[in-house]
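So you can see what is in the structure, the chains are spelled out below.
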Amino acid sequence: MNRPLHIFTVSFCELLQNEISVKSALAFLTEQKTLPKKVRYACKELALFLQEGFPFSKSLQLCTNIYFDELYVAFVSGAENGASLKEIFNFLKKRQDERQKVFQVFVTALMYPVIVVFLSVIGAFVLLKQSYLFGMTATSSFYNSIVQATIFLFLGSAILIFLEFIFLFGDCRYDVFSLIYFLLKENISLYQSLKISLLVLTFHPFFKRKIVETLTQVEKGLPASAALCNLGKNYSIAFSLLNKTGNSIVTLKTIVSELFEKNQERQKRVLLLLEPMSMILLSAYMVFLIKQIVLPVLFTFTI
């Protein structure tokens, strides 16, 4: 998790809530020695970009000390189109807090499998080194097979962790609908909100194409209710409500709430699966060790 980003967001949000301007807030944070160096250097860098005339959203994109993701930049871009920067950073702070909590749970769930895998690998090589005491002759191919199995275990664990992380944090739909809903509440038009949401979808070409198609339909004069239906059949009930009420904000709020609940359920399932999947990988590794080392030792000892 991007800890400097979290610290920056919380600190910057607090200053904005106290009616301090962007430039003054950045200058203040630059001088705070208690903050991590990356945060202070990022604030100094952002201040320089603003002095050169770059918009705040562009300054965030150009910043090298802290990585500001697409959603972050998209929200700040919304402020440049009329939304309240104070409210935007208040929303971003809540989002960062939520993601930080999920990440902490993820790391906690990882600790047990990682420790067990690490100890198993150490035990395997200790057992391999001591196997000669039982009269075993270790060939280079024998050692290679153990090393290959260990590499397979580490690669399998890394892939598992990566997939778990993607399932936890990789759903763009919640971010996109949250952004559109927030911008609509800030009295930004649906068309402009959809355009800003494209900034979030750099790595999601399929959903990005859906947004572009929706924008095209809005440009052609199609009503918002009909255009938004292009974003997915899963929200047909919510869009039916839009057809009756004509209130895009209520519809988007319904969709965001639904996606939030689904995200919560998915995160619980993913975290519950982490330990069993790790144990399956470890079991396969242990079976290999038993076949390659333990059984030959027992056979030699018996004879």
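Residues numbered from 1 in each chain as written. Predicted model: local features only at pLDDT ≥ 70, side-chain atom pairs only at ≥ 80, totals over all residues. Heavy atoms only, no water.

**Notes on the packing of helix α9 (residues 190–197) against helix α10 (residues 205–219)**
Defined as follows: Angles run from 0 to 180 degrees between N-to-C directions of axes, and those axes are lines fitted to C-alpha atoms, restricted for helices to the stretch in contact. Only DSSP runs of H or I with at least four residues qualify as helices, and only runs of E with at least two residues qualify as strands; both kinds are numbered from the N terminus onward. The cut-offs work like this: below 35 degrees is roughly parallel, past 145 is roughly antiparallel, 65 to 115 is roughly perpendicular, and the gaps in between are oblique. Definitions for this section: a left-handed crossing has its near helix turned counterclockwise from the far helix by less than a right angle. A right-handed crossing has that turn clockwise. The contact rule is simple, with two residues in contact once any of their heavy atoms fall within 4.5 Å.
Contact pair α9 / α10: the axes reach a minimum separation of 10 Å and the direction vectors enclose 155°. Classified by the angle their axes make, α9 and α10 are roughly antiparallel. Considering how the two elements wind past one another, α9 and α10 form a crossing that is left-handed. Of the residues in α10, those touching α9 at Tyr191, Leu194, Lys195 and Ser197 are Ile211, Thr214, Leu215, Val218 and Glu219.

**Here's the deal with the pattern of salt bridges**
Selection criterion: Any carboxyl oxygen of Asp or Glu within 4 Å of a side-chain nitrogen of Lys or Arg constitutes a salt bridge here. Here's how the labels work: a residue is buried when its accessible area is under 20% of the maximum for its type, exposed when over 50%, partly exposed in between, all with a 1.4 Å probe on protein chains only.
Applying the stated criterion across every chain, the model contains 2 salt bridges. Between glutamate 19 and lysine 86 there is a salt bridge, with the nearest N and O atoms lying 2.4 Å from each other. Note that glutamate 19 is positioned in the loop between α1 (3–17) and α2 (22–30) and lysine 86 in helix α6 (residues 85–130), a separation of 67 residues in sequence. For glutamate 19, a relative accessible area of 60% gives the class exposed. Here lysine 93 and aspartate 97 are joined by a salt bridge, their closest N and O atoms 3.4 Å apart. Separated by 4 residues within a single helix, lysine 93 and aspartate 97 lie in helix α6, roughly one turn from each other. Owing to a relative accessible area of 24%, aspartate 97 belongs among the partly exposed residues under this scheme.

**Some words on the state of the cysteines**
Keep this limit in mind: Throughout, disulfides are identified as pairs of cysteine sulfur atoms within 2.5 Å of each other.
This model, assessed by the stated rule, comprises 0 disulfides. Cysteine 43 takes part in no disulfide bond, and the closest cysteine sulfur, belonging to cysteine 63, lies 8.4 Å away.

**Regarding the layout of surface pockets**
What counts, and what does not: A cavity here means a set of points on a 1 Å grid, drawn over the protein atoms and nothing else, where a 1.4 Å probe fits but cannot get out; a pocket is an open set with protein on both sides within 12 Å along at least five of seven lines, and a residue lines either one if it has an atom within 4 Å of a point. Grid points are joined across faces, edges and corners, and a volume is the space filled by probe spheres set on the points. Gly falls in the polar group here, along with every residue not listed as nonpolar (Ala, Val, Leu, Ile, Met, Phe, Trp, Tyr, Cys, Pro) or charged (Asp, Glu, Lys, Arg).
In this structure, the second largest pocket spans a volume of roughly 310 Å³. What lines the second largest pocket is a set of 16 residues, and nearest its centre among them are Phe91, Lys94, Tyr181, Phe182 and Lys185. Secondary-structure elements contributing two or more residues to the lining of the second largest pocket are α5 (70–79), α6 and α8 (172–185). Tallied by class, residues from the lining of the second largest pocket come to 7 nonpolar, 2 polar and 7 charged.

**With respect to the confidence of the model for the chain**
Defined as follows: The pLDDT score gives, residue by residue, the confidence of the prediction method on a 0 to 100 scale.
For the chain, the average pLDDT comes to 76, and 77% of its residues sit at 70 or higher. The secondary structure element of the chain with the lowest average pLDDT is helix α12 (residues 236–245), at 62, and the one with the highest is helix α3 (residues 37–51), at 91.

**Examining the nonpolar core**
Put simply, the rule is: Here, nonpolar core refers to any group of buried Ala, Val, Leu, Ile, Met, Phe, Trp, Tyr and Cys residues whose side-chain atoms link them within 4.5 Å.
Counting residues in each nonpolar core, the largest one holds 38 residues, and the members touching the most others are Phe8, Phe12, Phe56, Phe68, Tyr72 and Phe89. Secondary structure elements with two or more residues in this core: α1, α2, α3, α4 (56–62), α5, α6 and α8. With residues near it in sequence (within four places) discarded, phenylalanine 89 still touches Phe8, Thr9, Phe12, Cys13, Leu16, Phe56, Tyr72 and Val76.

**Section: α10**
Rules: Any helix carries an expected span of 1.5 Å times its number of residues minus one. Throughout, the arc means the angular range of directions from the helix axis out to the C-beta atoms.
Helix length check: α10 (15 residues) gives 21 Å between terminal C-alpha atoms against 21 Å at 1.5 Å per residue, within 8%. For α10, the complete set of buried residues consists of Phe207, Ile211, Thr214 and Leu215. Seen end-on, α10 carries its buried residues on one side only, within an arc spanning 100°. Structural note: α10 exposes Pro205, Phe206 and Glu219 on the side pointing more than 90 degrees away from its buried face.

**Let's talk about the side chain of threonine 9**
Structurally, threonine 9 is set in helix α1. Excluding anything up to four places from it in sequence, threonine 9 contacts Tyr72, Phe89, Leu92, Lys93 and Gln96.

**Thoughts on the packing of aromatic side chains**
To describe a pair of aromatic rings, one takes the distance between the centres and the angle between the planes. To keep things clear, this is the line we draw: Side-chain rings of Phe, Tyr and Trp, where Trp is taken by its six-membered ring, are said to pair if the distance between their centres is within 6.5 Å; with planes under 30 degrees apart they count as stacked, over 60 as edge-to-face, and otherwise as tilted.
A full pass over the atoms with the stated rule returns 8 aromatic pairs. Ring centres 5.4 Å apart and planes at 75° place the aromatic pair phenylalanine 8 and phenylalanine 68 in the edge-to-face group. Pair noted here: phenylalanine 8 is in helix α1 and phenylalanine 68 is in the loop between α4 and α5, with a separation of 60 residues, a long-range link. Owing to a relative accessible area of 0%, phenylalanine 8 belongs among the buried residues under this scheme. Overall, phenylalanine 68 belongs to the buried group, its relative accessible area being 5%. Both rings, one in phenylalanine 56 and one in phenylalanine 89, keep their centres 6.4 Å apart while their planes meet at 25°; by these two values the pair is stacked. Of this pair, phenylalanine 56 sits in helix α4 while phenylalanine 89 is found in helix α6, placing the two residues 33 residues apart along the sequence.

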